[in-house]
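Below are the chains, spelled out letter by letter.
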Amino acid sequence: MTLNEKYEIAKKEYEKWGIDVDNVLEQLKNVPISIHCWQGDDIAGFEVNKGELSGGIDVTGNYPGKARTPEELRADLEKALSLIPGKHRVNLHAIYGETNGEVVERDQLEPKHFENWVKWAKEHGLGLDFNPTLFSHEKAADGLTLSHPDEKIREFWINHCIASRKIGEYFGKELGTPSLTNIWIPDGYKDVPSDRLTPRQRLKNSLDTIFSEEINEEYNLDAVESKLFGIGSESYVVGSHEFYFGYALKNNKLCLLDTGHFHPTETVSNKISSMLLYSDKIALHVSRPVRWDSDHVVTLDDELREIALEIVRNGALDKVMIGLDFFDASINRVAAWTIGTRNMIKALLYAMLVPNEHLKQLQEDGNFTERLALMEEFKTYPFGAIWDYYCEKMGVPVKETWLEDVKQYEQDVLVKRDSVLA
Ligand SMILES: C[C@H](O)[C@H](O)[C@@H](O)C(=O)CO
Ligand SMILES: [Mn+2]
């Protein structure tokens, strides 16, 4: 039986529930995922004077062939994008600027340092998102940046974030789609603080300065990313969820939820509807915490499907900006991007193929038996046949055949990088 025949049979199963599958696929095509560049080189970046990875985050593994140059990273991203259905975005960090061998301090970065990325994005029909990098730098050595007691250090990081917003604005103007410029800082303390308020007051004041210049939201959207703890900030993080959700609401910014940044029993899926009651847009870093904020590659697990269901059932496909954030150096990095991004898109497709309005009505009617029964039965509806058809229709490999591409790329390209170095 051909993919099309399987698709037609599966489609009929969903049409019984009033689901227009062809229309679902048309919608899905237009949902961009922001793919994080830093999975490709273990968050190293291209600074001439690059620092060791810091900030309480960690990349484990030493799989061969990581990208070492902008050209290699873009080539690896192109390979991954060729295996992922749809048109997407690439998420950059400030440390991925290209400065022609010159040392450029982060508070001096300019749009011109990202011209090659914009040229590349235009060639590939991609949007670009951005992040100032407030880690892996001597001025972040003691784990404090925008909340640092030393005004000079705060000023440096404030200027870096101001420069970063201008780069985000440049991306938006050049590419015709607003860049999401997301600020995450590692600030916090290993052990119990004696004063939680003062650092938070300093962070608030720093952010007020950073955002004091209005930038047209047609070109740049600002997000702030909360965290619960990091390595070395186990007891206290200045930029907690409460801090940033409050800041975002009062200052009309996007609050960014990273799925690894909450207590293990908390779920981001459960937060989306509440936050969308008060915010026009929110942003996500979809990751997979194992035991801690481990940044594992995203798998098609219950929480990923629930996040997708919350986005779809709340009509929020244009209100939730979906970014990915994982970094696994124990496997082929192109495969990591491909697995994680395809899974995010699969989860959205799954959610769009559930009779959400019918299930809502069952809840309203207090019919919890049928609500549970159907939610469970839809987990084994022929969703895979629709996904396979979608991949073929979008011109990307069906099922696991993409793996052959990655294996070939590894032999042809990736392994040669390390042999050159050896
Ligand atoms: C590299 C990113 O800025 C980083 O992963 C951040 O988004 C985060 O989630 C830190 O835990
Ligand atoms: Mn994140």
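All residue numbers refer to positions counted from 1 along the written sequence of the respective chain. Here every chain gets a letter starting at A, and every ligand a number starting at 1, in the order they are written. Local features in a predicted model are, by the rule used here, given only for residues with pLDDT of at least 70; side-chain atom pairs are given and counted only at 80 or more, and totals for whole chains, interfaces and linings are based on all residues. As a rule here, side-chain values cover all heavy atoms of the structure and leave hydrogens and water aside.

Chemist: Could you clarify how one ought to interpret the coordination of the manganese ion (ligand 2) in this entry?
Modeler: Reference values for angles at a metal are 109.5 degrees in the four-donor tetrahedral case and 90 or 180 degrees in the six-donor octahedral case. Taken together, the protein donors to the manganese ion (ligand 2) comprise E225 (OE), D258 (OD), H285 (ND1) and D325 (OD), at separations of 2.2 to 2.3 Å. Distances define the donors: N, O and S atoms within 2.8 Å of the metal qualify, as do those within 3.2 Å of Na, K or Ca. Water is excluded, so some sites may look unfinished. Each label reflects the angles at the metal, where four donors whose angles all fall between 85 and 135 degrees are tetrahedral, four or six donors whose opposite pairs open beyond 155 degrees and whose other angles stay between 65 and 115 are square planar or octahedral respectively, and the rest are irregular. Coordination geometry of the manganese ion (ligand 2): the six donor atoms subtend angles of 73 to 169° at the metal centre, consistent with an arrangement described as octahedral. Within one chain, the residues donating to the manganese ion (ligand 2) are spaced in sequence as E-x32-D-x26-H-x39-D. Here E225 is found in strand β6 (residues 220-225), whereas its partner H285 is found in strand β9 (residues 282-286), with 60 residues between them in sequence. Each member of the pair, E225 as well as H285, carries the same accessibility label: buried. Helix numbers and strand numbers start at the N terminus; a helix is a DSSP run of H or I with at least 4 residues, a strand a run of E with at least 2. Exposed residues in this analysis have more than 50% of their type's maximum accessible area, buried residues have under 20%, and partly exposed residues fall in between, with area computed by a 1.4 Å probe over protein chains only.

Chemist: What am I meant to see in the packing of aromatic side chains here?
Modeler: Given two aromatic rings, one states the distance between the centres and the angle between the planes to describe the pair. By convention, a stacked pair of Phe, Tyr or Trp rings (six-membered ring in the case of Trp) has centres within 6.5 Å and planes under 30 degrees apart, an edge-to-face pair has planes over 60 apart, and any other such pair is tilted. Tallying each qualifying case throughout the model produces 19 aromatic pairs. With 3.6 Å between their ring centres and 5° between their planes, Y7 and Y389 make a pair best called stacked. Here Y389 lies in helix α13 (residues 383-393) and Y7 lies in helix α1 (residues 3-15), a separation of 382 residues in the sequence. Taking the relative accessible area as the measure of exposure, Y7 reaches 1% and is therefore buried. Y389 gets classed as buried once you look at its relative accessible area, which sits at 18%. Summarising the aromatic geometry, the rings of F135 and W184 are spaced 5.7 Å apart at their centres and angled 55° between planes, so their arrangement reads as tilted. Taken together, the positions of F135 in the loop between β3 (127-131) and α5 (151-175) and W184 in the loop between β4 (179-183) and β5 (188-189) put the pair 49 residues apart, joining distant regions of the chain.

Chemist: Can you walk me through the packing of helix α4 (residues 115-124) against α5 in this structure?
Modeler: The axes used here are C-alpha line fits, helices contributing only the stretch in contact, and every angle between their N-to-C directions lies in the interval 0 to 180 degrees. Put simply, α4 and α5 touch, their axes get as near as 11 Å, and they point 30° apart. With respect to each other, α4 and α5 are oriented roughly parallel. α5 is crossed by α4, and the crossing has right-handed handedness. Contacts between α4 and α5 pair E115, V118, A121 and K122 from the former with Y170, F171, E174 and L175 from the latter. For this classification, Asp, Glu, Lys and Arg are treated as charged, while Ala, Val, Leu, Ile, Met, Phe, Trp, Tyr, Cys and Pro are nonpolar and the rest, including Gly, are polar. Tallied by class, the residues present in the contact of α4 with α5 amount to five nonpolar, no polar and three charged. The cut-offs work like this: below 35 degrees is roughly parallel, past 145 is roughly antiparallel, 65 to 115 is roughly perpendicular, and the gaps in between are oblique. In this scheme, a crossing is called left-handed if the near helix is turned counterclockwise away from the far one by less than a right angle; it is called right-handed if the turn is clockwise. Only heavy atoms enter the contact rule, under which two residues are in contact if any of them lie within 4.5 Å.

Chemist: When you look at the UniProt feature "binding site: Mn(2+)" (unreviewed entry) in the protein chain in this model, what are you seeing that I'm missing?
Modeler: Following the UniProt record, one finds the feature "binding site: Mn(2+)" (unreviewed entry) at H261, D293 and D295. A compact arrangement is adopted by the annotated residues: their sequence extent is 35 residues, whereas the largest C-alpha distance between any two is 9.9 Å. Assessed through its relative accessible area of 3%, D293 is described here as buried. Residue contacts for D293: discarding those within four places in its chain leaves K227, F229, D258, G260 and H261. A 3.5 Å cut-off defines polar contacts: any pair of N or O atoms within that distance qualifies, except that in protein one atom must be a possible hydrogen donor and the other a possible acceptor, and neighbouring residues in sequence count only when both atoms are side-chain atoms. Polar contacts involving the side chain of D293 include one to the side chain of K227, which spans 3.3 Å. For D295, the location among the structural elements is in strand β11 (residues 292-296). With residues near it in sequence (within four places) discarded, D295 still touches S287, R288, D325, F326 and F327. UniProt positions are given in the numbering used here, feature names are shortened, and annotations may be inferred rather than shown by experiment.

Chemist: Explain the nonpolar core here, please?
Modeler: Nonpolar cores were defined as sets of buried Ala, Val, Leu, Ile, Met, Phe, Trp, Tyr and Cys residues, with membership established by side-chain atoms within 4.5 Å. Within the largest apolar cluster, 124 residues are counted, with the highest numbers of intra-cluster contacts made by W117, L146 and L207. Looking at this core element by element, the count peaks at twelve residues for helix α10 (residues 333-352).

Chemist: What is the right way to read the pattern of salt bridges from this model?
Modeler: Here the idea is simple: oppositely charged side chains can pair when their charged atoms come close. Any Lys or Arg side-chain nitrogen found within 4 Å of a carboxyl oxygen on Asp or Glu counts as a salt bridge. By the definition in use, this model includes 33 salt bridges. A salt bridge links E174 to K122; its shortest N-O distance comes to 2.6 Å. Taken together, the residues span a long stretch of sequence, with E174 in helix α5 and K122 in helix α4 at a distance of 52 residues. Judged by its relative accessible area of 35%, E174 is partly exposed. Of the residues examined, K122 reaches a relative accessible area of 47% and is grouped as partly exposed. Residues D222 and R165 are paired through a salt bridge, measuring 2.8 Å at the closest nitrogen-oxygen approach. Highlighted residues: D222 in strand β6 and R165 in helix α5, separated in sequence by 57 residues.

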